[in-house]
Structure formats: C-alpha cells, structure tokens
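# What the coordinates show
Now for the letters of each chain:
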Amino acid sequence: MHIKNGESVDTSDIEVLSYPDFYSRVVELLAPEAHHCLSYFAVPAANSGYLRLFAFISLDDTATIEALAADVAATDVLPAITAERPEMHVFERDIHETFGLNFEGHPWLKPLRFPHDRKAGGDIYDYPFFNVESEEFHRVGVGPIHAGIIEPGHFRFICEGEKIHHLEIQLGWQHRGWEQLMLSKKKMLQRAILAENIAGDTTVGNATAFALAYEALAGAEANPTLTFERTLALEQERIAVHTGDLSAICTDIAYQLGNAVFGRLRTPMINFFQKWCGNRFAKSLIRPGYTNFHFTDALADDWQKTADAYEPHFREMADKMFDLPSVLSRLERTGVVSTETASRIGLVGMAAKASGLPRDVRASHPYLAYESLGVKPVVKNSGDVYARARVRYEEVLQSLANVRTLIANKPTLTETPKGDYLTLRPGKTVVSLVEGWRGVLCHVAQTSPDGQIETYKVVDPSVHNWMGLAMAVRGNGISDFPICNKSFDLSYCGHDL
C-alpha cells in the first residue's frame, strides 16, 4: 500500500504477501534510481515460529512510501534480495543476526552489530575479518579505541604498500538496548527523552521524527507554532553541525586557519540552542504535542544578530578554503563514490547528494514547513571529498535563508497543553521521515491492539552510508582515510541501538 510520510495507517491494511511475491515486488520497486529502502525488519508473527517481514520503500518521484509485508517461518532459507539489490545487505544481515533467518545468495552475510557466533557465547574480538593471503598485501587495523572521544569502531584495511584495496568496517562494540528501552517505557516523556538521545549530534532530528510519529499514532497534529519552531530547529542544527564538520575537514588536511575559523563560527550557532532551551544540543526542546520553550520575538532578534555576525565570516572562510590549491589538492578526486555505486548501495542524504543523487526528504516527502519553503537539494556530481564539503557549505547558506524566511513569517503564538495527554490508537503503523543534517532519519512505530507501542525501529542514515565510506577509500592512499572518514562523518551510536 502507498502511504505518506507521517501518515498513520491500520497495520492490518498492509498487504501480507508470500515471500516469492514479496521478493519480486521489492526487487521491482528498487529498480528506479529515485527509489530506495527506508527500513526492512522482522518481528515475531502471531503464529508461533513465524516472522513477519515489513519493508518500507521510498518512492521519491511520487512522494509516497510503499509498505508491504510477508510471513515466513523462522527456519526458512530465503533467497536474498541483496543478490539483486545490494542496498538491502544491511537489513538482511540485521534480520539474520537477530532471528537466525538465513538468506541464500547473500554475498556476505556477516554480523551487523554482534559477534559472529554470539549465540554460542562468542566475543566481538573474535570476528572473522576478510583476508587475502599474499606477499604483496598487508593488513592495517585501526580502533576500536581511537581518536579521543570518538565512539568505538574498528577499521581493517588490506593494502598494497600505501594503497587501500579493501576496507572492512566492524561496529557493534557497545549496545545501549535502545529499542527495548523504548518498548518498556510507558510514559510519553520517558520515550521522548530516549528519542532525543539516539545520537547526540542529531538531537533535533530524532526528537522531531519521534514527535511526528507519536502524534500520528495518537491522531494529533502539530499546530502552526510547533510546526514553525521544529522546522527552524532542524535548520539550525544543520547549520551548526555542518560548520563544525568543515572545521574538522580542515583539521585532517592540516589547514589550521580553516580549522580555527570554522570552529569558532560553530560555537555561537550551537550555543544558540542554549539560549533557546537551556541545552546547547537542544535536548528538552522537542516534545510530542507541545514545547516548554517557545521561540519568542526576543529570540528571533537574537538569532538575526547571531546570523548577521556569522554569515560574512563563514562565506569569506569558505571562499578561501575552496580557492586554495593546497586544499583542493587534498579534496578533489579523493574518496570518490560514483553515482552508480551510490545508487546500488543505497546512499542517502549528504553523501548521496555529493554523488549526484537528489535524496533529501525535505523535498521528496515534505513535512512541517518544508512544503512552503520549497527546498531544492544541493547536488554535486564528482562524489569526492570536495563534493561532500561543498554540499555542507551550500546547505549552510540554504539553511540560513530558510530560517530567515521562517522568522519573517513567524506565526502568532499558539499555546499548547503540556503533559502526557496523547493517547495512542491501537493497531496503527506510521513511518516518520525527517532529513537530519546527515541524511534521512526513519522512525517506524507500530501499536498493539491495546494501544501500546509494540514495534519501534530507527534507521540512522549512517546505517545506509557506512558501505559508502568503505567504497570511497578503495584505490586511495591510507593517509587519505581520515579525510574520507570525516567527509562522511557517520554515527557509531546511531548504528548500535
């Protein structure tokens, strides 16, 4: 069935197909470049020993989401969709390691988040990495403990001299049990706090996706004030994080001026949330149905002053950066991901746009105030570190303009009731999509017959994009790995839920 972003539907209306029909339909749906998988997962079915598969495919060309399901026995051996559509590899690996469901023909059914033999008490340090026996090749391991406060992940390179031939990325070094916590909590505030802590660098994005999903399940709708404030906060988060990432990219190429200036400019932008809600990452700002921190006229004036001081310095620094031969020599033609590869492995968000794919749900599945803003994705075609940096720069300018437009059309304040007053309706499914600064955040929630959340699945854009990093570094010198890595800036905690 076709559904819209944020639309609540009866779960029973999602057609349950035989697996062969489900397989054929998913393969067919993913053929066009404008289509890609948002989420694919399994839940225990009503019949003991069976699993129900749910797939949600984004049809960007029609602004809809195709929802379909299939029932399979837990002991079945199923043909792998990945063999036809490589972007599905991560989802089938997740289902395999969670339920033991086997996918025949999967090119590499390795663990996604857990040890290879975890059911037998295996340790993640015993993970069987891919290897090549040759006198010409050598292996290089980085992590899982590395780079100061970065969360744990291991990178295993196979190199010929300095040249990278293969990179295997193994995550799963920590698990917070987020999904089970979400299912165990019964109060809206508890759930909202969990949602905003999925990934600290995307607090607004995940909190907004959760709020929209929760309101849809309850049959509620945000008023114009909340719509305005959430859209503004999302754009503000994008400005702050993109600015910090440009600073970090400059760090990795030893361009100290860019590192210092972009780092300084990030501070007032991220600190604006401190003025707004008391937390510089915007925790406590977004809540289903209400907010404790309305965006006042005084805050609007303060934001304009902050932006007016920020923008000329940001433009000047970016102009210097993108015009300096020593910078361009490190960014251009480094870490290339072609459009064809990006499409086949299912890249989303910033990484996809840098490789020529206009994947931005603000444009393809508009929500909140984005339909009136008319956002056009910033798309580059070179697919290299330069393109990923340039997308950041141009998106910052776009977001500054978006916030100014929002403030110029600021609605009259509409007060909202505060507290846990939303009642979830039974037997509902909702897919909530929000374009975080990194890419699409997908929250799928389902309620049970008694109106409790029985399924809550989150797909961070990093889940789609880690394979992009592995492909980007092939053929590059190993010394270029840090800049390639930072140009994607993927999340460990958003992966290890």
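Here, the structure is the one placed above.
Keep in mind it's a predicted model, so treat the numbers as computed, not measured. (Residues numbered from 1 in each chain as written. Predicted model: local features only at pLDDT ≥ 70, side-chain atom pairs only at ≥ 80, totals over all residues. Heavy atoms only, no water.)

### A closer look at the sheet that holds strand S11 (residues 163-170)
The 3 strands lie next to each other as S9-S10-S11, forming an open sheet whose pairing is antiparallel. At either margin of the open sheet sits one strand with a lone partner, and together these are strand S9 (138-142) and S11. The average undirected angle you get between the axes of adjacent strands in this sheet is 20 degrees. With respect to the sheet, helix H15 (residues 461-472) is in contact with strand S10 (154-160) and S11, its orientation differing from that of S11 by roughly 160 degrees. (Pairing = 2+ DSSP bridges. Helix = DSSP H or I, 4+ residues; strand = E, 2+ residues; numbered from the N terminus. Axes fitted to C-alpha atoms, helices over the stretch in contact; angles between N-to-C directions. Contact = heavy atoms within 4.5 Å.)

### Some thoughts on the side chain of Thr-306
Along the chain, Thr-306 falls in helix H8 (residues 297-321). If we skip the residues at most four places from it in the chain, Thr-306 touches Pro-268, Met-269, Phe-272 and Lys-275.

### A word on the nonpolar core
One finds Phe-22 and Tyr-40 to be the most contacted residues of the largest nonpolar core, which totals 134 residues. For Phe-22, the residues in contact, after removing those within four places along its chain, are Leu-17, Tyr-40, Leu-53, Ala-55, Leu-68, Ala-69, Ala-70 and Ile-81. The next biggest cluster of nonpolar side chains, apart from the first, holds 24 residues, and it includes Met-182, Leu-194, Ala-199 and Tyr-214. (Core = buried A, V, L, I, M, F, W, Y, C linked by side-chain atoms within 4.5 Å. Buried < 20%, exposed > 50% of the residue type's maximum accessible area, 1.4 Å probe, protein only.)

### Let's talk about the packing of helix H6 (residues 224-252) against helix H16 (residues 481-488)
Viewed as axis vectors pointing N to C, H6 and H16 meet at an angle of 175 degrees, and their least axial separation amounts to 9 Å. Considering their axes alone, H6 and H16 lie roughly antiparallel with respect to each other. Residues Asp-245, Ala-248, Ile-249 and Asp-252 of H6 touch H16, and the partners they reach there are Pro-482, Ile-483, Lys-486 and Ser-487. For the contact of H6 with H16, the residue count by class is 4 nonpolar, 1 polar and 3 charged. (Parallel < 35°, antiparallel > 145°, perpendicular 65-115°, else oblique. Nonpolar A, V, L, I, M, F, W, Y, C, P; charged D, E, K, R; others polar.)

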